[in-house]
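Letter by letter, the chains look like this.
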Amino acid sequence: MVLRSCWKSRHKTSCRGPAPCWILLWFCVTQFVLGGGAQGQTKNVVQKDAEFDITYNDTVTSENQTIYAFNHTVSRNKSEGVRVTVDVSQGFESPILFVVRQKQAVLSFQIPLILRGLYQRKYPYNHVGRTLCQPPTRVASETQYFFVDVSTLSTQGTNYQLRVSRVESFTLHTDKKFSFTASPSQPQYFKYVFPDGVDTVIVKVNSDMTFPCSVMSIQDIQCPVYDLDNNVAFIGMYQTMTKKGAITVQRKDFPSNSFYVVVVVKTEDEACGGPLRFYPLRPDELIDAGNRSKIIDVIVTPAIKSEVYVMGMLFCLGIFLSFYLLTLLMACVENKRMKKSEVFQIPADMSPAETGQTPASPYEYGSFADNGSTLSSEAITDSATSTDNNYGYVGQEPFKRRPILNHLHHLAIRIDRSLDSVGRSRHESLSSVEEDDYDTLDDINSDKNIVRTKKFLYVADLSRKDKRILSKKYQIYFWNIATIAVFYALPVVQLVITYQTVVNVTGNQDICYYNFLCAHPLGALSAFNNILSNLGYVLLGLLFLLIILKRDIVHQRALVRNDINALECGIPKHFGLYYAMGTALMMEGLLSACYHVCPNYTNFQFDTSFMYMIAGLCMLKLYQKRHPDINASAYTAYACLAGVIFFSVLGVVFGKGNNVFWIIFSVIHILATMLLSTQLYYMGRWRLDSGILRRMAHIIYTDSIRQCSGPMYIDRMVLLVMGNIVNWSLAAYGLLERPNDFASYLLAIAICNLLLYFAFYIIMKLRSGERIQCLALVCILFTAVVWGLALYFFFQGLSTWQKTPAESREHNRDCILLSFFDDHDIWHFLSSIAMFGSFLVLMTMDDDLDTVQRDKIFAF
């Protein structure tokens, strides 16, 4: 009987020593019940006292079973690992089962060790090494026993080699690198204990070998330790790695103030972006995995202290609050200068003749300084009439006839203002004013075609609609984007909170694409520094809104005073698009912060949606400056931007390697470019209907066949030809290359078009004889330099969700600023400043025209 043979084998040990006999008795009873006692088979069980660091060469069959008894001393103040290594070199018909029984844990594995890959591929391993779990002890020192049972169901004898050894370097030390070798069947793990005064550490794992793919895991001190490819994700935090891996560990997450660093080599490399092995010919066919050993270095370094967090936050606030101080200082200086100029100004209802003074210069009474500042009567007269050469200046008395003419001109201005106020009161008496219901050009539709198709257009030709109607039209831009922001941001915030919760609960560090070498946690957030650096977008967007609000108030006061410069000079002032741009900049900061809570390809849309908005609004604002009457409505503009975002989502989800999608998108891109070119060239005076082809054929016949005539609007044609070349080239690049990052590709299209239009605007402005004031020039130069620096840090590429998480971590780098911010954080700082500067350029670039009549400002 099995029980009798088992008990007879006890004469070799006779329960001598501290080994408890009840363990052996329990094992014998178990073997009787489970080992075939019901079948009446005889099985010899042999127990041996074994020692460490000795290789045991034995043979096992179904008729015999061997038990190796080990004992070792465990100290509370010293952690010592124990490793079991088994090697079976020859073939066998049935696997050998090894069971390691400890005081508080049981470890079992078979030889060959079968590990599964994708599609149920099976990889056998005949050489296995496992580290035993070390349960903590409460006494200063005690002797613990463990047993290694070897058994098989094979009737043929199978040779094996068993070796149990101590792991001397089982405990990792702070800032000390340790090297080891691991494989799928020989995982490794080590213990780390938090030293006093250290609450957070970064565990860094490096290797010179890209493949085989491996997994790093952080687990609590408990048994069992999950150290195989098929169970390493069961507990703790883990991430795949090729050459680099890093996990930030906090003391508060581990009550024992210690944890295990587990490194497992995977059976396949597909999870790390490697090639996928061939399919087995038969479902149960075993595949030789080959040599998958990997040399790995591990080092544990202390993370930053709380003082560094405080310094990082103060630095971030200090940078952007300094812009508030600079803006306040400039406002004070400007206000002081305006008050000083008011002392020398003549009231608007008095002529120089009434003052009894003869001006020494036509510019004695000052010039226009701000959008809302009041000009002297003399300056108004000069800018409005420009008739100095007709007054007959002779010799040393150039102003002899000026007082009488000025008096007559002021009388004409007062009469014109009275008529204007009567007309204004008539408009204000309307119960409701809408652009669609009340268009000052609807009654003279033929005049539209005449005015807007002139060869040389001026701003006065395209700013004929009622100012209140246009102001209301452009205010809709702000209210619409505010509504969009609320409905867009709320589900985004909810989603990223869920993402962060999933990461914290599951421990899967592959969900989010952080720069793990510079990811500083705070509370539930894994990378607080990447979120904090987005504060600049919000603060500078708010500052821009305040600047626009100030300009808006000053302009409204000028209108109340019937300031002729505010009414008839300069680029028409409409602030609705400016408010929308400032709001979009703030939302870009909020949504970029949400994206960096857990950056990955599924939520990259959060980081780019309002970038599309900003690029579109800037182009609309540039066009609106000199075409206020025919600029797109808010509803049309946001509908087009919604289409862009829609294609962005489709491209991210379906665009990777999908030829059909790229063909459809390229065709739509080219058609949209052609339609927009036609709209801009004809100033909206064309119709897309069933007769469009007939009209196109007629134009081609009359202008190209009957007579060879060039385009009527040369400047517009040059811009549109360049724009079509750029967009057709981008469409061809996308169709041929099919970039993986479709969202960035779409953003590149928007930015290229914006830069092209901005360059055209600047060139045409200078070509028209206009000048760029000092403040605008400083803003342009400053913004260009900052954009250059920002793009340098942007292209450093610390992570990329276009690759696998393991491949992305190869680009991770340490912090470079205050030990808190990385390259991407600096991109956030600089790009927010550059966007703010770009907005200031749009706001100030036409301030030189504030005293020029609109019928003398070219519309291009």
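See above for the structure.
Below or above, wherever it landed, is the structure these notes cover. (Residues numbered from 1 in each chain as written. Predicted model: local features only at pLDDT ≥ 70, side-chain atom pairs only at ≥ 80, totals over all residues. Heavy atoms only, no water.)

**Notes on the overall build of the protein**
Reasoning step 1: Assigned secondary structure in the protein consists of 21 helices and 20 strands.
Reasoning step 2: With 860 residues in all, the protein has 49% of them scored as buried.
Reasoning step 3: Nonlocal contacts in the protein, meaning residues at least 24 apart in sequence, comprise 79% of its contacts between residues at least 6 apart.
Reasoning step 4: Surface accessibility of the protein: about 41,800 Å² in total, with carbon and sulfur atoms responsible for 61%. (Helix = DSSP H or I, 4+ residues; strand = E, 2+ residues; numbered from the N terminus. Buried < 20%, exposed > 50% of the residue type's maximum accessible area, 1.4 Å probe, protein only. Contact = heavy atoms within 4.5 Å. Areas by Shrake-Rupley, 256 points an atom, 1.4 Å probe, with all protein chains shown as cover.)

**Regarding the sheet that holds strand β12 (residues 171–172)**
Reasoning step 1: Spatial ordering of the open sheet is given by β12-β14-β19-β16-β17, a layout of five strands whose pairing is mixed. Only two strands of the sheet have a single partner each, and these edge strands are β12 and β17 (237–241).
Reasoning step 2: Here two bridges tie β12 to strand β14 (residues 188–193), and the two strands are oriented parallel to one another. If you follow L172 over to β14, its bridge partner there is Y192. (Pairing = 2+ DSSP bridges.)

**Thoughts on unusual backbone geometry**
Residues apart from glycine generally show negative phi values, whereas peptide bonds are mostly found in trans.
Reasoning step 1: Cis geometry marks the peptide bond from I111 to P112; its omega dihedral reads 5°.
Reasoning step 2: Residue position: P112 is located in the loop between β6 (106–111) and β7 (113–116).
Reasoning step 3: Omega for the bond connecting F211 with P212 falls within 30 degrees of zero, at 10°, which places this linkage in the cis form.
Reasoning step 4: Secondary-structure assignment places P212 in the loop between β15 (200–206) and β16 (214–220).
Reasoning step 5: Unusually for a residue other than glycine, N562 sits at a positive phi of about 55°.
Reasoning step 6: Take N562: it is sitting in the loop between α10 (535–560) and α11 (564–568).
Reasoning step 7: At R738, a position not held by glycine, the phi torsion is positive, near 50°.
Reasoning step 8: The topology assignment puts R738 in the loop between α17 (714–737) and α18 (742–767).

**Let's talk about the sheet that holds strand β4 (residues 81–87)**
Reasoning step 1: Strand order in the open sheet made by the four strands is β2-β11-β4-β9, with antiparallel pairing throughout. Unpaired on one side and paired on the other, β2 (55–60) and β9 (127–131) mark the two borders of the sheet. Each neighbouring strand pair of the sheet contributes to a mean axis angle of 20°, computed without reference to strand direction.
Reasoning step 2: Of the pairings in the sheet, the one linking β2 to strand β11 (residues 158–167) comprises six bridges and is antiparallel in character. When the sheet's bridge partners are listed, Y56 is paired in β11 with L162. (Axes fitted to C-alpha atoms, helices over the stretch in contact; angles between N-to-C directions.)

**Let's talk about the state of the cysteines**
Reasoning step 1: The final tally for this structure, using the stated rule, is four disulfides.
Reasoning step 2: Disulfide partner of C133: C223, at an S-S distance of 1.7 Å. Taking the sign of the torsion about the S-S bond as the criterion, the disulfide between C133 and C223, at about -90°, is left-handed. Of this pair, C133 sits in the loop between β9 and β10 (141–152) while C223 sits in the loop between β16 and β17, and the two are 90 residues apart along the sequence.
Reasoning step 3: With relative accessibility at 5%, the residue C133 sits in the buried group.
Reasoning step 4: In this model, C512 is linked to C598 through a disulfide, with the two sulfur atoms separated by 1.8 Å. (Disulfide = S-S within 2.5 Å.)

**Comments concerning the environment of L535**
Reasoning step 1: Mapped onto the secondary structure, L535 falls in helix α10.
Reasoning step 2: Taking relative accessible area as the criterion, L535 reaches 25% and is therefore assigned partly exposed.
Reasoning step 3: Once the C-alpha coordinates of L535 and M586 are considered, the two residues, 51 residues apart in sequence, prove to be 8.8 Å apart.
Reasoning step 4: In contact with L535, not counting residues within four places along its chain, are C316 and L317.

**Considering the packing of aromatic side chains**
In this description, an aromatic ring pair is defined by two values, namely the gap between the centres and the angle between the planes.
Reasoning step 1: What the rule picks out here adds up to 55 aromatic pairs.
Reasoning step 2: Ring geometry for F544 and F839: centres 5.1 Å apart, planes at 55°, overall tilted. Highlighted residues: F544 in helix α10 and F839 in helix α21 (residues 823–844), separated in sequence by 295 residues.
Reasoning step 3: Judged by its relative accessible area of 0%, F544 falls in the buried class.
Reasoning step 4: Since its relative accessible area comes to 1%, F839 is described here as buried.
Reasoning step 5: Judged by centre distance (4.8 Å) and plane angle (90°), the ring pair of F820 and F821 falls under edge-to-face.
Reasoning step 6: Using a relative accessible area of 0% as the deciding quantity, one classes F821 as buried.
Reasoning step 7: The structure contains a cluster of three or more aromatic residues connected by ring pairs, namely F646, F647, F661, W662, F665, Y733, F742 and Y745.
Reasoning step 8: Across the ring face of F52, the terminal group of R166 is positioned such that the distance to the ring centre comes to 4.0 Å. (Phe/Tyr/Trp six-rings, centres within 6.5 Å; stacked < 30°, edge-to-face > 60°. Lys NZ or Arg CZ within 6 Å of the ring centre and 35° of its normal.)

**Observations regarding a nonpolar patch on the surface**
Reasoning step 1: Nonpolar side chains collect at one region of the surface, where I663, V667, L671, M674, W728, L735 and L736 lie side by side and expose about 670 Å² of accessible area between them.
Reasoning step 2: The set of elements that each furnish at least two residues to the nonpolar patch consists of α15 (659–681) and α17.
Reasoning step 3: For the nonpolar patch, the leading source of residues is α15, giving four residues.
Reasoning step 4: Within the element layout of this structure, V667 appears in helix α15. (Patch = residues over 30% accessible without salt bridge, like charges linked within 9 Å, V, L, I, M, F, W, Y side chains within 5 Å. Salt bridge = Lys/Arg side-chain N within 4 Å of Asp/Glu carboxyl O.)

**Regarding the pattern of salt bridges**
Reasoning step 1: Within the structure shown, the criterion is met by 23 salt bridges.
Reasoning step 2: Across the pair D229 and K266 runs a salt bridge, and its minimum N-O distance is 2.9 Å. Separated by 37 residues along the polypeptide, D229 in the loop between β16 and β17 and K266 in the loop between β19 (258–265) and β20 (294–302) bring together distant segments of the chain. Both residues of the pair, D229 and K266, belong to the buried class.
Reasoning step 3: A salt bridge links D850 to K573, with the nearest nitrogen and oxygen atoms 3.2 Å apart. Linking D850 in the segment after α21 with K573 in the loop between α11 and α12 (576–597), this pair joins segments that are 277 residues apart in sequence.
Reasoning step 4: One network of salt bridges, in which partners are shared, links K625, R626, K765, E770, D846 and D848.

**Examining the nonpolar core**
Reasoning step 1: The biggest cluster of nonpolar side chains holds 108 residues, and the ones touching the most others in it are Y477, F544, F610, L617, Y638 and F665.
Reasoning step 2: Those residues within four positions of Y638 in sequence are excluded, and the remaining contacts are Y477, N480, I481, I484, A580, M613 and L617.
Reasoning step 3: Counting residues in hydrophobic clusters, the runner-up holds 36 residues, among them V198, V232, F254 and V300. (Core = buried A, V, L, I, M, F, W, Y, C linked by side-chain atoms within 4.5 Å.)

**Some remarks on the packing of helix α13 (residues 604–626) against α21**
For any two helices packed against each other, the geometry comes down to the angle between their axes and how far apart the axes lie.
Reasoning step 1: Look at α13 against α21: their axes get within 11 Å of each other, and the N-to-C directions meet at 15°. By the angle class used here, α13 and α21 are roughly parallel. As α13 runs across α21, the sense of the crossing is left-handed. Between α13, through I614, C618, L622 and K625, and α21, the contact on the second element is made entirely by M835, F839 and L842.
Reasoning step 2: For the contact of α13 with α21, the residue count by class is six nonpolar, no polar and one charged. (Parallel < 35°, antiparallel > 145°, perpendicular 65-115°, else oblique. Left-handed = near helix turned anticlockwise from the far one by under 90°. Nonpolar A, V, L, I, M, F, W, Y, C, P; charged D, E, K, R; others polar.)

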